[in-house]
Each structure stands twice: as structure tokens, then as C-alpha cells.
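Each chain, letter by letter, is given below.
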Amino acid sequence: MIYSTAIITTLLVLCTALGIYAQSGLQGSVLNSYNQPISKTSVTVLSQTTGESYQTYSDNQGLFRIDLPKGKYLLDIYHMGYQRHKVLVDVLPRICTVLGTVQLVTESQQLEEITVQGTRRLIEHKNDRTVINVENSILATGATALELLKRAPSLRVDEADNIHMRGKSDIGIMINGKLSYLSDKELTNMLKSMPSESIKSIELISSPSAKFDAQGVAGMINIVMKQSPSQSMSGNVHTFGGAGRKERYGLGATLGGQRDRWRWQGAMEYAYRGEEEYRNFDRFYTGIEGGKSLQYAITDEPLRTQQARAGLEYVPTDRTSIGVLWTGNFGVYKSASKGYNDVYALTGDRTVHTLTDNTNDSRWQTHNVGFNLIQKIGKKSELSADWDILYSTYKADQVLRSSIQKYKNGNSQVEARRNATPSTTGLQVAKVDYQYRWNASLTAEVGGKSSWVKSDNNSLSDTLKTEQWVADLQNSNHFVYKEQIHAAYANLNLSFDQWGINAGVRTEHTKADGVLKTDGTTLNKDYINFFPTVSVRYEMNDKNQVQLSYSRRINRPDYEDLNPFRYYVDAYVYWEGNPLLQPELANAYELKYSFNRDLLFSFYYTDVKDVMTSVLTQLPNENKTIRSVHNIKGFQNYGVNMDYSFLLMPFWSTQWNVNAFENNYFGSFGEEQIANRLWSYTVQTNHNYRLPKRWSAEWTAAYESPQTDGVFRQKASGYVSLGLMKKMLDDKLNLKLAVDDIFKTSLYRTTSSVANVDMDQRIDLDSRIWRISINYSFGKNRNDRKMKDNEQQQRVRGM
């Protein structure tokens, strides 16, 4: 009793001191059943209005204190060996709230072999983003980042690994809050190399604020990597094995630690993923040169990837943090495709029969070194600075051989070509952000960012003539592209009563220079754009909230799309770059309504000018199809998205996502008018079960109706996946089993009609995959100083 009285007195003194600085706050203490203080107790605070979370720890006297904006909060107080304690608290503006003493009860034994744990939902909704907690998903085992995105709500990944969000492509991809400047091909390779075991969460941001880069018409995706816990030494080892049509396996380890004011981390991952697909590509020609071309190919596509990282952080004072992190990505992708192409005349007679053998050997490595500094200035402001240096190399060697039999004249011939495409990319990014917080209701942010990119792409093409390789100068080129983007922004966040306003503006100056060294052709672009953003939130009551957002976005051409080199898919289909591409600009609007943070409706509309889209050029006389990217007049996307999360039973939680939208592509390409308009919808559901004896289960299912993408229409598809998990050894050892696409319903089928040619493409994906994984975590807690990871992670999300 004497100790409890002393605690209350201490809390009142602290609150009085807090009141002097006119801040809102929360004070409390944690005791055991003998009224003794419990130090190092985790106190997690979750806002019931914004969804933001904060974290602190009790000191050696069991005391904790945390500064918070006004609002309703759910406190989750936990210490190993004690029962979790949760309580709702109201924090008033400019007033210190005294929670008093919280007495934790010793954890009791399991009841009927069922242990109830407080964990984050698999999918969480916040004011500006949807968060997918990957580390809570059983189905994530043994998957890559790209495969995780395929299963994310309102996302779709097509056969070319292009990512679409709510029907829109062109998305800015961030890693730990930093925008990737890699080309689409390099980014895809990186996502294929990134194992799910190293990913904490994936954040889908549909209406980014001015603090974010303006890149990404459809919004942004932030992949948050796992951080090493604040322990003297900790880590985990994991391995997985499985198969689809081909085997898959991998292993990895992470290790981290903290001593005094130093913190370090390291990790290494290796994975092999085999894949086999069956492809049909049929074209039907009308008019005088009518007929049809039927193609079939089987592909063998093994992928070997390695990832590594090493980081060091030093915190000389409570107000300063200095860190450096190196990451490396290495991979080898080989593709061997064998198939045939039969050409038929209008009469139905076969005129040409071609056997094709296409091999491709791609290798890459990417190194990134990042330096960061965080400096708190006084009690209200903070300065952060980042400098990143990236160097990437990519090399692809292709050999294409075709044996052609012509039935009209009985001639046969062999055609062969080879292509080498070595490329290098250098990048530097420097960024400074400054934040000033007048009080709990008003925060201002300003900052600047500059990036310098240089990409050197070479394409060396040869053809086989009289058993000798001869340089094909017409299809060879050397393209060097340089791009600078200099940006500045100002952002203001204001909250009062039941209102919240976030408004800002960002300006970006883009300067791009490209030169085709083969013939001296140059490309020069220099332009400035302004990107205003505003979001207004109104909380009608504790359970109902509405929010209206507007943002202006941009999507710049990928430098590989600008490079006019040719890449042959086979003897009859090749891809060609377009140096005349222009950036596309978009205005995006969104209205959200949420009920109790469980039910969320979002109504959205996006209008894009000069949209870049895939188009086809048909050469019927040569039986060839050219795929490329061109600007057309515009694109409109509007629809409604619904997310609903609820608890069906104490052991059964579920999430549903329904998205209905219309895509409208309009304009012209050459003499061809494009008018591709279609309403589509997607439905996805996820179910999680907590079972007796530390077992748990998860299943998910999705259906996608037919959709449009430029001149293409994709037919319906879907999947059902199932996973099981068993925890052992005090939850340090996890065993997981997962099966994707159980019923083999995930197919890729598209159609198009361009220039008197109807095209039908069908890909039988290698999508039914089973995986088993083992993960063992280890670590030893020490009473070392805790670095403020939560604050840094929250800051990273806003970069």
C-alpha cells in the first residue's frame, strides 16, 4: 500500500511536469501481485480513430509515460509470464491522464488445450493505407514478395509481372519507405528474390500525401522488412521445400544484436524455384490475307536467387541516431522454351510449320548502400537525412533457333539469331526531411529530395548465315539514359474537435537525356510538375468516420520502354521499345467511410491523360506481331471497394474484400481507334483459425471477373489456397504447410482485336504449389537500452 501511494504521488508529479509543457500524455505503473514493480513491460497503445500504434516500456520502478495526441486508445500491457492486460483510455488535449497502477496476474495454465494470444490482424485498415501483416500469414511460407502481391486484396499481377491495384497499373514500389528507381525488369527480379520470411508487412497506399514521391498513378506499395529485436543477441534460421511442376527449396538466416549504444544486423537468403508453363498464342487474320496462326510452347524457367544484408546503427545520445545498411541481390534466371507455330490459309490447308527452340540466360546483381541520420532538435522538431547509392548490373544472353517447313513450295530452312543485352544502372538519392510539432494537433513537414540515375543498355544481335554468326546491325543498339529528379514538398497536418486535415504540395523537376549511340538519335526532356494533395477526415462519433482525399500523380516512362531495341519472344513475336513515350498525369479522388474500423467502403475515381499502354502491331504478310508501349489519349477508372473484418467465433477470424470498377481506355494508335471499356469485380476472402495444441489454419479464396488492360481483355480467374501451422518449443519453432491454387483455377487468358487480327492467348500457369517450411527463432533478452524502433518505423512509413 505504501508503495502504491508512492507510485500515485510520483505519477501526479510527472503529470504536473507534463502539464507545464502543455502536452497530452498518459502515465501509469505496472506491479505484480506482491505490489512489486515489473520493469521492461511492453505497453502498446493503439489509436481507435487513426489506427496508429505507439509503444513504450516500463522503467525499473515499473513506471511508464508516453506523449499522445488526444483520442481514444486501447492499451495492451504485456510481460512474459503474466496475463495480458487490455484497457480503453480517453486522452484529452493538454491534459495528463493518470492510469494509475496496473496489477498483472501470473499467467495461468492452458485451458482445454487452447491458448488465446493477442496478435495483429492479417489485414488492418488505417486512414491512408491498408496493411497486410505478412508475418501473421501461414500461406506466406516459402513465397516471394511478388507471389505475396498476387494474393493481396485488390491487387493483380499479370503474366508479364505487371502489378495492378484496383484495376490500375503504374504503381510506385517502396522498400522500407524508399522508392525503387530500378527498371521494371530489375524490380521484378528483386521482388522474385525477396523471400516472405524477411518481410514484416505490405502496405497499400491509394492516396499518398505530398511527403511521398509523386510516382505511381495507382498509388504506392510499401514493403516493410523485418527488423532485428532489441536484444543482446537474437535471430532465426528457416528453410522450406516444395514443388509445383518443378521443385522449389530455400534456406536463410538472420542475426542481430545490441550492446550499449550499438546495434547490428545481418542476413543471408538463398532460394531455388523451378517453374514450367504451357502457352498457346493464336491469331486469326481477316481480309484478303486471311488465315490463322496457331502457336504452342512449353517453358522451363528455373530461378536461383540470393539476398544478403548487413547493417550497423549507433545512437550516441537519446536525440541522435546514425546508421548504415548494405543490401545485395543476386540471381540467375534461365528460360528454355520449345514449341511450334502452324500457319493455315483460308482454305484450311497448313502452309507453314515451324519448330522453335528459345533459350535465355539472365544474370544480375544489385548493391545498395544507405546512410541515415536522425536528429531531434529541442522538444518539438526533428531532422532526418538519407543518402543511398545503388549499382546494378544485368546481362541476358538469348539464342533463338527456328526450323521452318513451307508446304507451298516444299522448301525448308533454319533461321537462328542470338542477342546479348548487358546493362548497368547507377543511382544516387539524397533526401532531407524536417518536422515541427507545435502541439498534439498541429504538425508541419518540409523536405527535399534529389535523385540521379544513369542506365547504360547495350543490345548486340547476330544472325546465323551459312553456319556463321553475322552481326545484325539493324537490330543492335547502344542506349544510354540519364535522369535527374529534384523535388521539394511542404505538408501540414491539423486536427481539432472531430476534424482532421492533411494538406500539402510537392514540386518535382525532371530532366532526362537519352542517346542512341548506334545512330546518334537523342532524347531530351525537361519539365516541372506540381502535385497538390489534400485529405479531410471527419469523425462523426467513436464508430463512424468519413474521409475525402485528392492527389495528383505522375508516371514516367521506364527507361527500358524508351529503348527502341527488339527482344524476340519467338520467331514471330517480338517486343520493341518506344523513345517517343511521354509521362502520364493523373488526378485521383477517393471517399472513404469506415464503421468501427472493421467495415470500410471506398469510392474512387482516377482520370489519366496520355496513358501509356501495351499495343500490338500486326504484320500479316510476315506472320509477325510487334508488342510495344504507346501513349493514347486517356484512361478512366472508377469504382467502389469494400473491406470487412470480423470475428465469427472466438477462434475464427475472417476478412472479406470486394472491389467493383470500370476501366475505360480511349484514344487511337496509328489508324486504329481504341475503345476498351468494361465493368469488372474481384472478391477475396481470408479465414484464420486458432486450433487446440498450438495448431492454427488459414485458407483464402479469390475470384476475378474479366478485366481490361489497354487493347487486351483478360478472362476470369481465381484460386483457393490452404495452410496449416504448428508452434512448438515455447513458440520458437514453427512448422508450416501451405498449398496454393488447390483446384488449379488460376489461369491467364487474354483476347484482343487489332488491325483485322483477333488474338487469343492462353497460359497454363504453374500455380498449384505445395510448400513446407521450418522456422526456428532464438534470442536472449538483456537489460540493454532499448532503441526506439517504433518511432523510426513510423517515420520510415512517411518517407
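Before reading further, recall that the structure is shown in the block above.
A short tour of the structure in this document, coming up.

The rules behind the values
Residues numbered from 1 in each chain as written. Predicted model: local features only at pLDDT ≥ 70, side-chain atom pairs only at ≥ 80, totals over all residues. Heavy atoms only, no water. Helix = DSSP H or I, 4+ residues; strand = E, 2+ residues; numbered from the N terminus. Rg over C-alpha atoms; globule rule 2.2 N^0.38 Å. Buried < 20%, exposed > 50% of the residue type's maximum accessible area, 1.4 Å probe, protein only. Contact = heavy atoms within 4.5 Å. Areas by Shrake-Rupley, 256 points an atom, 1.4 Å probe, with all protein chains shown as cover. Lys, Arg positive; Asp, Glu negative; His and termini not counted. Charge placed at Lys NZ, Arg CZ, Asp CG, Glu CD. Pairing = 2+ DSSP bridges. Polar contact = N/O pair within 3.5 Å; in protein donor to acceptor, adjacent residues only side chain to side chain. Salt bridge = Lys/Arg side-chain N within 4 Å of Asp/Glu carboxyl O. Phe/Tyr/Trp six-rings, centres within 6.5 Å; stacked < 30°, edge-to-face > 60°. Lys NZ or Arg CZ within 6 Å of the ring centre and 35° of its normal. Axes fitted to C-alpha atoms, helices over the stretch in contact; angles between N-to-C directions. 1 Å grid on protein atoms, 1.4 Å probe; cavity = no way out; pocket = protein on both sides within 12 Å on 5 of 7 lines; lining within 4 Å. Points joined across faces, edges and corners; volume = space filled by probe spheres on them. Nonpolar A, V, L, I, M, F, W, Y, C, P; charged D, E, K, R; others polar. Core = buried A, V, L, I, M, F, W, Y, C linked by side-chain atoms within 4.5 Å.

Quick word on the overall build of the chain
Within the chain, the secondary structure is distributed over five helices and 49 strands. Relative to its length of 799 residues, the chain is compact, with a C-alpha radius of gyration of 28 Å against a globular reference of 28 Å. Along the first, second and third principal axes, the C-alpha atoms of the chain reach 105 × 55 × 45 Å. The buried share among the 799 residues of the chain stands at 52%. Pairs at least 24 residues apart make up 66% of the contacts formed inside the chain by residues separated by at least 6 positions. Total accessible area on the chain stands at roughly 35900 Å², and carbon and sulfur atoms take up 57% of it. Averaging the positions of the 92 positive and the 85 negative side-chain charges in the chain gives two centres separated by 5 Å.

Quick notes on the environment of glycine 378
Tracing the backbone through its elements, the reader meets glycine 378 in the loop between strand S23 (350–377) and strand S24 (381–406). Judged by relative accessible area, which is 45%, glycine 378 ranks as partly exposed. Distance in space between the C-alpha atoms of glycine 378 and tryptophan 452 is 33 Å, their sequence separation being 74 residues.

Let's talk about the sheet that holds strand S13 (residues 178–179)
The sheet built from six strands is open, its strands ordered S8-S9-S14-S15-S12-S13 with mixed pairing. Looking at the sheet topology across the chains shown, the edges are occupied by strand S8 (123–125) and S13. As defined by bridge partners, strand S12 (residues 172–175) adjoins S13 across two bridges and the pair is classed as antiparallel. Note that in S13 the partner of isoleucine 175 across the bridge is lysine 178.

Considering the pairing of strand S36 (residues 599–609)
Pairing of strand S35 (residues 584–595) with S36, which is carried by eleven bridges, proceeds in the antiparallel orientation. Of the residues in S36, the one forming a bridge with asparagine 587 is aspartate 607. Two successive antiparallel strands, S35 and S36, enclose a turn made up of three residues, where asparagine 596 displays a positive phi of approximately 60°. Relative to strand S39 (residues 634–649), S36 is paired through eleven bridges, and the arrangement is antiparallel. Bridging from a neighbouring strand, phenylalanine 603 pairs with valine 640 of S39.

Digging into the side chain of asparagine 133
Examined against the element boundaries, asparagine 133 turns out to sit in the loop between strand S9 (130–132) and helix H2 (145–150). The class of asparagine 133 is buried, set by a relative accessible area of 4%. Within polar-contact distance, the side chain of asparagine 133 engages the side chain of glutamate 124 at 3.2 Å.

Some remarks on the pattern of salt bridges
Evaluated as defined, the whole model comprises 35 salt bridges. A salt bridge links lysine 192 to aspartate 161; its shortest N-O distance comes to 3.3 Å. Of the two residues, lysine 192 is situated in helix H3 (residues 184–193) and aspartate 161 in the loop between strand S10 (155–157) and strand S11 (163–165); the sequence distance between them amounts to 31 residues. Note on lysine 192: relative accessible area 21%, which makes it partly exposed. When the shortest N-O distance is used, the salt bridge between arginine 762 and aspartate 760 registers 3.2 Å. What makes arginine 762 partly exposed here is its relative accessible area of 28%. By relative accessible area, aspartate 760 is classed as buried at 19%. What you see here is one network of salt bridges that share partners, running through Lys178, Asp386, Asp388, Lys431 and Asp433.

Structural notes on the packing of aromatic side chains
Aromatic ring pairs are defined here through the distance separating the ring centres and the angle between the ring planes. All chains considered together, the criterion is met by 18 aromatic pairs. Members of the aromatic cluster, connected to one another through ring pairs, are Tyr550, Tyr589, Tyr605, Tyr638 and Trp679. Directly above the aromatic system of tyrosine 604 lies the positively charged group of arginine 166, at a separation of 4.2 Å from the ring centroid.

With respect to the sheet that holds strand S6 (residues 85–91)
Ordered in space as S3-S2-S5-S6, the four strands form an open sheet in which the pairing is antiparallel. Edge strands, defined here as strands with exactly one partner in the open sheet, are strand S3 (53–57) and S6. Pairs of neighbouring strands in the sheet enclose a mean axial angle of 25°, with direction left out of account. As judged from the seven bridges shared by strand S5 (residues 71–78) and S6, these two strands associate in the antiparallel manner. When the sheet's bridge partners are listed, aspartate 76 is paired in S6 with lysine 86.

Some points on the layout of surface pockets
Its boundaries defined by the atoms lining it, the second largest pocket holds a volume of some 940 Å³. Around the second largest pocket sit 34 residues that line it, and Lys406, Tyr572, Asn621, Glu622 and Asn623 are the ones nearest its centre. Listing elements by their share of the lining of the second largest pocket, those giving two or more residues are strand S20 (291–300), strand S22 (320–344), S23, S24, strand S25 (412–420) and strand S27 (442–465). Among the residues forming the lining of the second largest pocket, the class breakdown is 15 nonpolar, nine polar and ten charged.

Describing the environment of serine 154
Relative to the helices and strands, serine 154 is located in the loop between H2 and S10. Judged by its relative accessible area of 17%, serine 154 is buried. C-alpha of serine 154 to C-alpha of arginine 694: the two residues are 540 residues apart in sequence and 31 Å apart in space.

Let's talk about the nonpolar core
Generally speaking, a soluble globular protein has its nonpolar side chains buried in company with each other. Core analysis: the biggest nonpolar cluster contains 47 residues, and Leu149, Ile163, Leu191, Ile199, Ile202, Ile221 and Ile223 have the highest contact counts within it. Once residues within four sequence positions are removed from consideration, leucine 191 is found in contact with Thr144, Ala145, Leu146, Leu149, Ile163 and Ile223.

Overview of the environment of methionine 728
Along the chain, the position of methionine 728 falls in strand S45 (residues 717–728). Of the residues examined, methionine 728 reaches a relative accessible area of 28% and is grouped as partly exposed. Ignoring anything within four residues of it in the chain, the contact list for methionine 728 reads Leu733 and Leu735.

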